[in-house]
Amino acid sequence: MQGAEEHFRFRLLNEFQRGFPVVDRPFAALASDLQSTEQQVIEALVGLRTEGAITRVGATVRPNTVGASTLAAMSIPLNRLTEITTWLSGFKSVNHSYLREDEWNLWFVLAAPDATTLTQDLRDIATHTALRVLDLRLIQPFHIDLGFDLKGQGPKAQSQNQADMSALLESDRPMLHALAQGLTLVPEPYAALAHAIARPIPDVMARIEALTTAGIITRLGIIVRHRQLGWQENAMVVWDVPIAAIDEAGKALACLPGISLCYQRRTEPDTWPYSLYCMVHARSRADATAVITEAAALPSLTGVAHKILFSTHCYKQTGANLQRQEIAA
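Residues numbered from 1 in each chain as written. Predicted model: local features only at pLDDT ≥ 70, side-chain atom pairs only at ≥ 80, totals over all residues. Heavy atoms only, no water.

Participant: Whenever I open this one, the packing of aromatic side chains confuses me. Can you help?
Facilitator: The description of an aromatic ring pair rests on the distance of the ring centres and on the angle between the ring planes. Considering all chains together, one arrives at 4 aromatic pairs under this definition. Where phenylalanine 20 meets phenylalanine 27, the ring centres are 5.5 Å apart and the plane angle is 65°; that geometry is what we call edge-to-face. In this structure, phenylalanine 20 and phenylalanine 27 share a single accessibility class: buried. A connected cluster of aromatic rings, assembled from ring pairs, spans Trp107, Trp272 and Tyr274. Positioned above the aromatic ring of tyrosine 263, the side-chain terminus of arginine 265 is 5.1 Å from the ring centre. (Phe/Tyr/Trp six-rings, centres within 6.5 Å; stacked < 30°, edge-to-face > 60°. Buried < 20%, exposed > 50% of the residue type's maximum accessible area, 1.4 Å probe, protein only. Lys NZ or Arg CZ within 6 Å of the ring centre and 35° of its normal.)

Participant: Where do I start with the nonpolar core in this structure?
Facilitator: A general tendency of soluble globular proteins is for nonpolar side chains to be buried together. Leu12, Val41, Leu45, Leu179, Ile208, Leu220 and Ile222 are the most contacted members of the largest nonpolar core, which totals 41 residues. The set of elements that each furnish at least two residues to this core consists of α1 (3-15), α2 (26-34), α3 (38-51), β1 (54-61), α6 (173-181), α7 (189-197), α8 (201-213) and β7 (217-224). Top element by residues in this core is α3. It accounts for 5 residues. Other than its neighbours up to four places away in sequence, isoleucine 222 contacts Leu12, Leu13, Phe16, Gln17, Leu45, Ile54, Arg56 and Val57. Counting 24 residues, the second-largest nonpolar core is a separate cluster that includes Ala249, Ile259, Ile292 and Ala295. (Core = buried A, V, L, I, M, F, W, Y, C linked by side-chain atoms within 4.5 Å. Helix = DSSP H or I, 4+ residues; strand = E, 2+ residues; numbered from the N terminus. Contact = heavy atoms within 4.5 Å.)

Participant: I'm lost on the pairing of strand β3 (residues 94-100) in this one. Help?
Facilitator: The two faces of a sheet get side chains in turn, since along a regular strand they alternate between them. Most of β3 sits inside the fold, with 6 of its 7 residues counted as buried. With 5 bridges joining them, β3 and strand β4 (residues 106-112) adopt antiparallel strand pairing. Residue leucine 99 lies in a different strand from β4, and its bridge partner there is leucine 106. Counted between consecutive antiparallel strands, the loop separating β3 from β4 contains 5 residues. Here β3 pairs with strand β11 (residues 306-317) via 5 bridges, running antiparallel. Counterpart to histidine 96 in the pairing with β11 is glutamine 317. (Pairing = 2+ DSSP bridges.)

Participant: Is there a simple way to think about helix α4 (residues 81-89) in this case?
Facilitator: Given 3.6 residues to a turn, an α-helix orients residues that are three or four positions apart in the same direction. All of the buried residues in α4 are Leu81, Ile84, Thr85 and Leu88. Seen along its axis, α4 keeps its buried residues to an arc of 95°; they face one direction. Turned more than 90 degrees off the buried face of α4, the exposed positions are Thr82 and Thr86. Looking at the buried positions of α4, the neighbouring elements they touch are β3, β4, α5 (115-129) and β11. (Arc of directions from axis to C-beta.)

Participant: Looking at this model, I keep getting lost on the environment of methionine 205. Mind explaining?
Facilitator: In this structure, methionine 205 sits in helix α8. Along the primary structure methionine 205 and aspartate 24 are separated by 181 residues, whereas in three dimensions their C-alpha atoms are 8.7 Å apart. Once you skip the residues sitting within four places of it in the chain, methionine 205 turns out to touch Val22, Val23, Asp24 and Tyr190.

Participant: Hey, could you run me through the confidence of the model for the protein chain in this one?
Facilitator: Detailed reading of the predicted coordinates is not advisable wherever pLDDT is low. Within the protein chain, residue pLDDT values average 90, and 91% of them lie at 70 or more. For the protein chain, the element scoring lowest by mean pLDDT is helix α11 (residues 325-328), at 40; α7 scores highest, at 98. Across residues 325-329 the pLDDT falls below 50, and counting only partners more than four positions away or on other chains, this stretch makes 4 contacts in the model. (pLDDT = per-residue confidence, 0-100.)

Following this line, the structure appears as structure tokens:
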């Protein structure tokens, strides 16, 4: 990218990862802000998706509100890594899969339509591979996905930690599943979505706004791939925090600049005692390490045992599967 085009694409990526307009022609609204044209915006997004700089324009849905999800880990012998990661990448419920620097080297997110399906999927993976699968389900979020500042500066927006579940209708599931996969890059994407799920356009747009207000849709916008945009290092840091100290530590960690996600998860006491997780994305390992050093110096985390698991390879990154099997079939 050079000159004006580079500036245009940077603004498009950095300014519209959240708050994507819910209007008849949203790309025209973006074009107005960028002093460009609707066609230029659509063509740029198509190009960025083809290049792998973005995965989609769509929604992230709060975990365990519409379906059921978990973070899972496996310790895979190196001689079986290609076999298992290739098979797992084709597994419908797996939407993120990373190799990390640890004995527990493969980490992946499973999202299923319901808890029963999720549990069966975990059993199927363990049976197929003949390996143990750690099931590290979310207990509470402290900071959830609100996008990624490509400038790497400025105050961090704080996430809404509670969702109004009364706003969710079972009839919203097909719409949320489609949004998690991504909007069609056409002038009227909400009309295309409404047609695909056989619902009136005004109803679809009203439900998106209602679910965003309720905190069930946590973000609507451009979903970027950090590595392709120069943020090469991705570290998951896990902390062995006593349960009584989780709230204080989680809230402090979530406010720290450089922390992109922060959660409490279930432990496996005999194997994996770590209850607090955070993500750090940085341009270099040194930059990531500096953020982690600052985190470890927080009063609530001083002296707390922790592990740093840098990502070395991304096998899969897609939207969550939220559709029930009988509807999706």
